[in-house]
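Spelled out, the chains give:
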Amino acid sequence: MRVHLAQTISRIPSSSITQRSRLNPYRTFASVSNHTPTPNDDHNSSTMSAILNALNPIAAMFTPAATPKESRSSEQSPPSSMATSSTPQPTGEQNLLRLQKHLAALPTSLLKHMHLSKTRREDPRLFFQAMNADLVNLAPIVYTPTVGEACQKYHEIYQGPEGLYLSIDDKDNLHQILADHAKTLEVSPQIIVVTDGSRILGLGDLGLGGMGISRGKLNLYTAGGGIDPERTLAVVLDMGTNNEPLRADPLYLGLPRPRCSLEEATSFMDAFMSSAASAYPGVLIQHEDFYSEAAFAFLDKYREEYRMFNDDIQGTGSVILGGFIRAAKMASDASGRDPREHKVVFLGGGSAAVGVAKEMMKFFTQLGLSEKEARERFWLIDTKGLITHTRPDVVAGRLASHKSYFIRNDTTTEYPTLASVIEHVQPTALVGLSTTFGAFTEPCVRRMAELNPSPIIFPLSNPTSKCELSYADALEWTSGNVLFASGSPYDPIEFHGVRREPGQGNNFLVFPGIGFGAVICKAKKVTDLMITAGAMALSESLTPEEKELKLLYPRTGRIREVSAEVARGVVRAAQVDGVDEETRYRDMSDEQLLEEIKQAQWKA
Ligand SMILES: O=C([O-])CC(=O)C(=O)O
Ligand SMILES: [Mg+2]
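Keep in mind that this is a model prediction, so the values were computed, not measured.

Scoring rules and cut-offs
- Residues numbered from 1 in each chain as written.
- Chains lettered and ligands numbered in written order.
- Predicted model: local features only at pLDDT ≥ 70, side-chain atom pairs only at ≥ 80, totals over all residues.
- Heavy atoms only, no water.
- Pairing = 2+ DSSP bridges.
- Helix = DSSP H or I, 4+ residues; strand = E, 2+ residues; numbered from the N terminus.
- Contact = heavy atoms within 4.5 Å.
- Axes fitted to C-alpha atoms, helices over the stretch in contact; angles between N-to-C directions.
- 1 Å grid on protein atoms, 1.4 Å probe; cavity = no way out; pocket = protein on both sides within 12 Å on 5 of 7 lines; lining within 4 Å.
- Points joined across faces, edges and corners; volume = space filled by probe spheres on them.
- Nonpolar A, V, L, I, M, F, W, Y, C, P; charged D, E, K, R; others polar.
- Donors = N, O, S within 2.8 Å, 3.2 Å for Na, K, Ca; no water.
- Buried < 20%, exposed > 50% of the residue type's maximum accessible area, 1.4 Å probe, protein only.
- Right-handed = clockwise from strand over helix to strand, strands pointing away.
- UniProt positions renumbered as here; feature names shortened; annotations may be inferred.
- Polar contact = N/O pair within 3.5 Å; in protein donor to acceptor, adjacent residues only side chain to side chain.

With that settled, consider the sheet that holds strand β11 (residues 483–486). The 7 strands are arranged β8-β7-β6-β9-β10-β11-β14 in an open sheet whose pairing can be described as mixed. Lying at the two open borders of the sheet, with one neighbouring strand each, are β8 (385–386) and β14 (503–504). When strand β9 (residues 429–432) meets strand β10 (residues 456–459), the two strands line up parallel, connected through 4 bridges. Across the sheet, Ala-429 pairs through a bridge with Ile-456, a residue of β10. Its contacts with the sheet put helix α18 (residues 351–366) on β6 (344–347) and β7 (378–382), and the angle it makes with β7 is roughly 170°.

In structure tokens:
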């Protein structure tokens, strides 16, 4: 039987928030996971309202935004003694306006983030209406960069459960825990984002605070990709933390002990992957912010067996390939050089750097280079300098295995600094995934501008506090010639009388489309071609106006349309690879398929 896509994606009638609230999985966690944080009285003394009041007198004006009568859950209804015929019945529009007013009055991004989280837990529809009304300004608050600070302070700002908190101590019961949780849901999740909190953005090990990033990604899945929020599930796997100050903090909500070994983590992941796949049939599992070694190990281990992908390795790879395709063409047009001669220097040797470099190789192989030739277009610098075959740690066999693919064999000299590598390589492109603020120094950037009429410079580390180069400095030090994309957002700048818009090469431009595409065509697995197709679709998704302005990426405000185009590319690639278990899209024209996807996107 042909099930209409719109029905499979969004089964909740759009008018029924009452049902939504009753179904809200977040209300049921405590009963299914004995690890759901249960702060004691001391903890509670510093929850949202206390912090708000302490930090900010404006906060005192807050009472939760009232929900419209028809959308009030039974828990939220005022006691009948208070409900008189003159009890105010604000409209949805009034509630949205009130929320916007409250947000505008709050002085910091973190307070806005907290207020939005609270709103999402109480009234998801209102939250997503606000998101979609002003995505450009709210994405940086709900997501990167503010979500980084929210993860760092998760234990201080905790307001209640936002997903599943699973402890390694429950490993042997995991199957039962997830099966029980699934029984409480009317609709099964389509997308899980799971982290172990071991490497949150560029901020290191934040333990259970990693829940913030799982939630933040899923908010973008809904606002940007159109996944029904009821069908998303945020998960943090608590395996301890190596963050000592966090462990010692009396408010910390996770296991206050050192992180377990990779071996133990793998056995917990095995249990999680198999339990989740059986409890939530058809779910796509996005791995997020695992430390590099674990990230590669888990991707290798699970990618053939499960519908999963790693956002940092593959999502970031895809988004940067998409932007590089455009930047490389513009740079070659300016220099007159053959695009196959681009030379790319990477600062950083973690999972994202290696994932991005491997994905960017497709640019060169598509132009006819062999794999070996394509690999030779890349120079990776980690904390010890350029990775070469004669470097002492490499000779001693101590180089992390994921980096070994990019060892340079063509030099025996050591190049310990970025400046020395720039002199040696004379690159056309500089990519930063080092998590080192300001690492693209003025001399380095000026040298790039001397070497290239249009230098490609992508400082990608997140959040902004870890970014290698600001947009203002990039423009200034290259006399405005830079082809720029950063991971965290920068505002447009008036430069010599011209408004210049930076690119944001953040994986949120592709992960919602990759996930959505994989789910609707029921891909058996997420193949390399599906990831590359996401990049291609992204690079082609710019409007004529965006192209005219020479933007590298579509504007954030168009993320829903862009996600639909990415999803279409992903479905087509799944078909080419023959992994689409739902085959009915095969007969559709590209236009029909895009329309079908847009129709299926959930709307608040
Ligand atoms: O979350 C983001 O903004 C991008 C990302 O995956 C990371 O930095 O790990
Ligand atoms: Mg990430």
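Here the narrative resumes.
Next up on the list: empty space enclosed by the protein. One pass over the structure, following the stated rule, counts 8 cavities of 30 Å³ or more. Of the pockets and cavities examined, the largest cavity occupies roughly 200 Å³. Lining the largest cavity are 19 residues, with His-113, Ser-117, Tyr-154, Glu-162 and Arg-215 sitting closest to its centre. Secondary-structure elements contributing two or more residues to the lining of the largest cavity are α7 (109–122), α11 (154–157) and α13 (211–225). Looking at side-chain class alone, the lining of the largest cavity contains 8 nonpolar, 6 polar and 5 charged residues.

Bound to the magnesium ion (ligand 2) on the protein side are Glu-288 (OE), Asp-289 (OD) and Asp-312 (OD), at distances that span 2.0 to 2.1 Å. Using a relative accessible area of 7% as the deciding quantity, one classes Asp-312 as buried.

What follows is about the pairing of strand β3 (residues 232–238). Of all 7 residues in β3, 7 are buried; the element is thus mostly enclosed. As paired strands, strand β1 (residues 164–167) and β3 are joined by 4 bridges and run parallel to one another. Following the sheet pairing, Tyr-165 is matched in β3 by Val-236. With 5 bridges connecting them, strand β2 (residues 191–195) and β3 associate as parallel partners. Residue Val-194 lies in a different strand from β3, and its bridge partner there is Val-235. Regarding the hand of the β-α-β motif, the stretch spanning β2, α13 and β3 is right-handed.

Once that is clear, we can look at the UniProt feature "active site" (unreviewed entry) in the protein chain. UniProt's entry tags Tyr-143 and Lys-217 with the feature "active site" (unreviewed entry), counted in the numbering of this structure. Across 75 residues, the annotated set stays spatially compact, with a maximum C-alpha separation of 7.0 Å. The annotated residues named above include Tyr-143 and Lys-217 as those lining the largest pocket. Exposure remark for Tyr-143: the relative accessible area of 1% places this residue in the buried category. When near neighbours in sequence (up to four residues on either side) are disregarded, Tyr-143 contacts Gly-216, Lys-217, Leu-220, Asn-506, Asn-507, Phe-508 and Phe-511. Relative to the assigned elements, Lys-217 resides in helix α13. Residues contacting Lys-217, with those up to four places away along its chain left out, are Tyr-143, Val-193, Gln-286, Glu-288, Asp-311, Asn-507 and Phe-511. Side-chain polar atoms of Lys-217 contact the side chain of Glu-288, separated by 3.4 Å.

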